[in-house]
Amino acid sequence: MGKSTLLNALVGEKIAATTRKPQTTRHRILGIVTRGADQLILVDTPGIDTRSEKLLGRVLNQAAQAVFADTDAVLFVVEADRWESGDAQILEMLKQAGVKKLVLAINKVDRLERKEALLPFIERLQGLHAFSDIVPISGLRGVNLEPLVDVLQGFLPEGVHLFPEDELTDRSQRFRVTEVIREELLERLGQEVPYATAVEVESWKDTPTVTHIDAVIWVERDSQKAIVVGKGGRMIKSVGTAARHTLEQMLERKVMLRLWVKVREGWQADVDSIRRMGIDT
Ligand SMILES: Nc1nc2c(ncn2[C@@H]2O[C@H](COP(=O)(O)OP(=O)(O)OP(=O)(O)O)[C@@H](O)[C@H]2O)c(=O)[nH]1
Ligand SMILES: [Mg+2]
């Protein structure tokens, strides 16, 4: 859908991992946009998986639903010209949760071959619910984001700042580092492995010239470890190089990144280990 891409675009920095794989976001992540007297606090939720039966899937769904309780408005992101059964289920859930201010963002308009397709799509969605507003956007290309912020700003209590002006997220630098590594990993792996991985920063040391970071990529099985490491260590090397590059831009200094792949059996099924990975339960 592009929720995390949108969050990053609105905040102006990479906070949340974005990949082609569904269920990339595993945490509730706040993005903070300060505009004069107002402050917009965006909550990026894990996508709601309408299929998953595993514990991790259930935990992610709960995290998404818990968010609705204390927000001023919900931004429902769908893709242009694509309305799927999962979207219908989520809309139903939002209605049942009694969400009053429901803004619809029609994302990825840059991908539309025929711009004329947008109007009938908007009309169709208008027929499904009385949305507070409908804004066509592209999070990736930065199309129409200012008008979207204007609309959301209209639903905020005026002049309330909950965070310092220069703060962009509630998440630590360590967390952002794990997101960068996870993003590179997920983009390179096939369908099976990603859900079985989690990243943890084990040590972080700043010297005057370099930041040394050691991180562990947890997997569930030896076979997955072999895939993540890759032939002759090629996969892990490529993940490490790409992640280091992004981290150097993010931290604005030289980074030495060391990655380890370790097996922790059945971690997905274990609430304690889900919590240890920093995933909200
Ligand atoms: N063409 C195009 N692609 C986009 C746009 N926004 C996001 N994408 C791509 O869509 C994919 C999914 O984006 P994410 O931001 O990770 O989506 P998400 O809704 O956060 O997904 P989950 O966290 O997995 O629920 C990525 O490959 C993005 O680059 C857009 O406006 N246009
Ligand atoms: Mg996401």
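Bear in mind that the values here come from a model prediction, so they are computed numbers and not experimental data. (Residues numbered from 1 in each chain as written. Chains lettered and ligands numbered in written order. Predicted model: local features only at pLDDT ≥ 70, side-chain atom pairs only at ≥ 80, totals over all residues. Heavy atoms only, no water.)

1. Comments concerning the site of ligand 1
The environment of ligand 1 is made up of 21 residues, and the closest members are Lys-3, Thr-5, Thr-24, Thr-25 and Asp-110. In the model, an oxygen atom of ligand 1 is placed 2.8 Å from a nitrogen or oxygen of the Lys-3 side chain. Taking Ser-4, its side chain carries an N or O atom lying 2.9 Å from an oxygen atom of ligand 1. Computed on the free molecule, ligand 1 has an accessible area of 660 Å², of which 88% lies beneath the protein chains in the complex. Looking at which element gives the most residues to the shell around ligand 1, the answer is helix α1 (residues 3-11), with 3 residues. (Near = heavy atom within 4 Å. Polar contact = N/O pair within 3.5 Å; in protein donor to acceptor, adjacent residues only side chain to side chain. Areas by Shrake-Rupley, 256 points an atom, 1.4 Å probe, with all protein chains shown as cover. Helix = DSSP H or I, 4+ residues; strand = E, 2+ residues; numbered from the N terminus.)

2. What about the coordination of the magnesium ion (ligand 2)?
The coordination sphere of the magnesium ion (ligand 2) contains the protein donors Ser-4 (OG) and Thr-25 (OG1), at a distance range of 1.9 to 2.1 Å. Within this pair, whereas Ser-4 is found in helix α1, its partner Thr-25 is found in the loop between α1 and β1 (29-35), the two being separated by 21 residues in sequence. (Donors = N, O, S within 2.8 Å, 3.2 Å for Na, K, Ca; no water.)

3. Digging into the environment of Ala-226
Inspection of the secondary structure assignment puts Ala-226 in helix α7 (residues 222-229). Put simply, Ala-226 and Val-261 are 35 residues apart on the chain and 9.0 Å apart in space, counted from C-alpha to C-alpha.

4. Overview of the side chain of Arg-26
Examined against the element boundaries, Arg-26 turns out to sit in the loop between α1 and β1. Of the side chains with opposite charge, Glu-179 comes closest to the buried, unpaired Arg-26, at an N-O distance of 7.7 Å. A polar contact is formed between the side chain of Arg-26 and the backbone oxygen of Thr-197, at a distance of 2.6 Å. (Buried < 20%, exposed > 50% of the residue type's maximum accessible area, 1.4 Å probe, protein only. Lys, Arg positive; Asp, Glu negative; His and termini not counted. Salt bridge = Lys/Arg side-chain N within 4 Å of Asp/Glu carboxyl O.)

5. Quick word on helix α6 (residues 173-188)
Between its terminal C-alpha atoms α6 stretches 23 Å, which fits the 22 Å expected from 16 residues at 1.5 Å a residue. Residues Phe-175, Arg-176, Val-177, Thr-178, Glu-179, Val-180, Ile-181, Arg-182, Glu-183, Glu-184, Leu-185 and Leu-186 constitute the buried set of α6. Its buried side turned inward, α6 meets β1, β6 (198-206), β7 (210-219), α7, α8 (234-251) and β8 (254-263). (Expected span 1.5 Å × (residues − 1). Contact = heavy atoms within 4.5 Å.)

6. A short note on the pattern of salt bridges
Applying the stated rule across the entire model yields 16 salt bridges. Here Asp-110 ties to Arg-141 by a salt bridge, and the two come within 3.7 Å at their closest N and O atoms. With Asp-110 in the loop between β4 (102-107) and α4 (118-126) and Arg-141 in the loop between β5 (133-136) and α5 (145-153), this pair connects stretches of sequence that are 31 residues apart. The exposure class assigned to Asp-110 is partly exposed, which follows from its relative accessible area of 31%. The exposed category is assigned to Arg-141, whose relative accessible area is 58%. As a salt-bridge pair, Arg-258 and Asp-214 come within 3.0 Å of each other at their nearest N and O atoms. Here Arg-258, found in strand β8, pairs with Asp-214, found in strand β7; they are 44 residues apart in sequence, far enough to count as distant. Each of Glu-79, Arg-82, Lys-108 and Arg-111 takes part in a single network of salt bridges with overlapping partners.

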